[in-house]
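Summary of structural features
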Amino acid sequence: MLKPLHLLASAALVLLMPLTAAAHSDRSESYSKGDNNSASVQLGPRPFYLVNDMDESSLKKKLQSCANGPFKKTNFSIGHRGAPLQFPEHTKESYEAAAKMGAGILECDVTFTKDKQLVCRHSQCDLHTTTNILATPLASKCSQNFLPFDPVSGKAASANCCTSDITLAEFKTLQGKMDAFNPKATTAAEYLQGTANWRTDLYASRGTLLTHAESIELFKKLGVKMTPELKSASVPMPFNGYTQAMYAQQLINEYKAAGVKARDVFAQSFDIADVRYWIKNEQEFGKQAVYLDDADVPADVPTAADLQLYADEGFNIVAPPIWVLLALDKNNKIVASDYARNAKKAGLKIITWSFERSGPLKTGGGWYYQSVSPAINNDGDMMDALHVLAKDVGVIGIFSDWPASVSYYASCMNLK
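Scope of this entry: the structure provided in the associated data block. These numbers come from a predicted model, not from an experiment.

Taking burial as the measure, the seven residues of strand S16 (residues 349–355) include six buried ones, the bulk of the element. Of the strand pairs in this sheet, strand S13 (residues 317–318) and S16 are connected by two bridges, and their pairing is parallel. Counted as the bridge partner of Val318 is Ile350 from S16.

A separate point is unusual backbone geometry. Peptide bonds are, in most cases, trans, and in most cases residues other than glycine have a negative phi. The step from Gly69 to Pro70 runs through a cis peptide bond, and the omega angle for that step is 5 degrees. A positive phi angle is found at Lys116, which is not glycine, with a value near 65 degrees. You can see Lys116 is positioned in the loop between strand S3 (109–112) and strand S4 (118–120). Owing to a relative accessible area of 26%, Lys116 belongs among the partly exposed residues under this scheme.

Before going further, it helps to examine the state of the cysteines. A complete count under the given rule lists four disulfides for this structure. Here Cys66 connects covalently by a disulfide to Cys412, the sulfurs 2.0 Å from one another. The S-S bond linking Cys66 to Cys412 shows a torsion near 65 degrees; that makes this disulfide right-handed. Here Cys66 is found in the loop between helix H2 (58–64) and strand S1 (74–79), whereas its partner Cys412 is found in helix H14 (residues 403–412), with 346 residues between them in sequence. Taken as a pair, Cys66 and Cys412 share a single burial class, namely buried. Each disulfide of the protein chain joins two cysteines, and with those cysteines numbered along the sequence the arrangement is 1-8, 2-3, 4-7, 5-6.

If you walk through the whole model with that rule in mind, you get 13 salt bridges. Arg46 is the salt-bridge partner of Glu356, the closest N and O atoms lying 2.8 Å from each other. Taken together, the residues Glu356 in the loop between S16 and helix H13 (381–393) and Arg46 in helix H1 (residues 46–52) connect sequence positions 310 residues apart. Residue classification places Glu356 among the buried positions, given a relative accessible area of 2%.

Right, let's talk about the packing of helix H8 (residues 244–257) against helix H9 (residues 272–281) for a bit. Two elements in contact, H8 and H9, have axes whose closest approach is 10 Å; the angle formed by their N-to-C orientations is 60 degrees. With respect to H9, the element H8 is oriented oblique. Of the two possible hands of crossing, H8 and H9 adopt the one that is right-handed. Judged by residue contacts, Gln244, Ala245, Ala248, Gln249, Leu251 and Ile252 of H8 engage Asp274, Tyr277 and Trp278 from H9.

Topologically, Gly259 is positioned in the loop between H8 and strand S11 (268–269). For Gly259, a relative accessible area of 60% corresponds to the exposed category. In this structure the C-alpha to C-alpha distance between Gly259 and Tyr95, which are 164 residues apart in sequence, comes to 20 Å.

Side chains of nonpolar character tend, in soluble globular proteins, to be buried together. Counting 110 residues, the largest nonpolar core has Leu63, Phe76, Leu251, Trp278, Phe355, Tyr369 and Met383 as its most contacted members. A total of eight residues in this core trace back to one element, the largest contributor, which is H13. Sequence-distant contacts of Leu63, that is, excluding residues within four places in its chain, are made with Val51, Met54, Met383, Tyr408, Tyr409, Cys412 and Met413. Residues Val119, Ile133, Leu138 and Leu209 belong to the second largest nonpolar core, which totals 18 residues.

Rules used in this analysis
Residues numbered from 1 in each chain as written. Predicted model: local features only at pLDDT ≥ 70, side-chain atom pairs only at ≥ 80, totals over all residues. Heavy atoms only, no water. Buried < 20%, exposed > 50% of the residue type's maximum accessible area, 1.4 Å probe, protein only. Helix = DSSP H or I, 4+ residues; strand = E, 2+ residues; numbered from the N terminus. Pairing = 2+ DSSP bridges. Disulfide = S-S within 2.5 Å. Salt bridge = Lys/Arg side-chain N within 4 Å of Asp/Glu carboxyl O. Axes fitted to C-alpha atoms, helices over the stretch in contact; angles between N-to-C directions. Parallel < 35°, antiparallel > 145°, perpendicular 65-115°, else oblique. Left-handed = near helix turned anticlockwise from the far one by under 90°. Contact = heavy atoms within 4.5 Å. Core = buried A, V, L, I, M, F, W, Y, C linked by side-chain atoms within 4.5 Å.

Take a look at the structure:
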């Protein structure tokens with residue numbers, strides 16, 4: 001789910017820390033048995049900040065009444081690439097943080113290496129902004145090595161490093177970092193900087209990269225369900241004989257090999273052909289396949305007829321961005337959109353993305369809130385939007401860059 005870095009959510013630059021008596025419990029914090037009790041969940045202060053920042057309302061009072069918990073792990077809270085608001089995305093540390101914050105489902109975006117091995121990265125060609133590759137000898141293997149900022153022409157510094165440029169063994173030598181770059185960099189070291197000032201590098205000193213198979217084993221240990229996204233290849237397909245169908249099947253095969261039941265996997269793709277493949281060839285996994293129904297502007301939003309066609313093909317879950325599901329009524333109140341009503345009418349379940357990814361909301365919330373921006377003027381407004389998504393739209397889960405905020409809401413509203 002790729003959007004520009006300036007759309008990322010604002011961060012409370014704080015360590016994860018328990019705020020409730022339950023969080024101080026000496027009971028085991030292991031997720032290895034799918035432990036659902038409050039001792040396993042530590043939310044930190046951000047959800048409390050957001051609730052306190054809300055405009056006065058009955059919803060605010062309800063959420064404030066839940067300040068003492070208990071807070072529970074919930075499938076309603078989905079760790080979008082882990083917890084990338086403050087941790088390097090798609091790293092072991094990011095996933096562990098998301099699980100600690102109550103996310104019941106975690107996402108590994110899946111792409112492949114030069115030797116056709118599956119790894120967790122948001123894009124096949126993002127290693128130059130999400131890892132330290134430019135500071136290593138592997139930079140020489142990048143599709144495009146670092147080019148400095150040109151002060152004469154104003155052309156930004158650039159690089160392009162892909163997982164398909166290197167082998168799995170080489171990939172595993174890299175270290176994850178916060179997804180960012182400095183467009184005015186004159187050296188590779190400067191290029192690797194650029195983390196937004198509302199994010200942090202506090203947890204970026206050891207981002208452990210994972211293969212897809214390793215993510216499965218970690219998620220099993222954490223006791224969470226799994227939602228892999230099959231990323232579009234940046235190289236022409238077939239890639240040295242490796243077809244799109246082989247790619248889609250390999251993803252499912254790794255869950256089978258790990259003994260993961262289909263009911264614990266929500267395979268996703270923006271490519272409708274992948275979803276159709278799973279429905280046809282992997283029926284059990286296909287039942288929970290998620291079609292990432294993207295739309296950049298209102299003209300792209302699928303019609304009621306489109307949504308009915310998805311259902312007729314056997315699709316069960318669609319996942320558009322947040323703004324597609326929200327609208328404003330005549331009183332400037334946030335309500336469910338036509339898309340939301342049409343999807344429900346077609347019998348489709350809905351997931352949405354991505355909470356905590358829009359930057360400070362005082363100026364309207366940016367891309368993710370474009371359909372309701374006149375009603376958005378402070379960070380607390382995201383909790384009002386979340387309430388509409390949960391109660392009026394009826395989403396079954398929300399991807400979040402900081403799962404604690406969604407986990408707080410879900411626990412307060414007793415969502416599973």
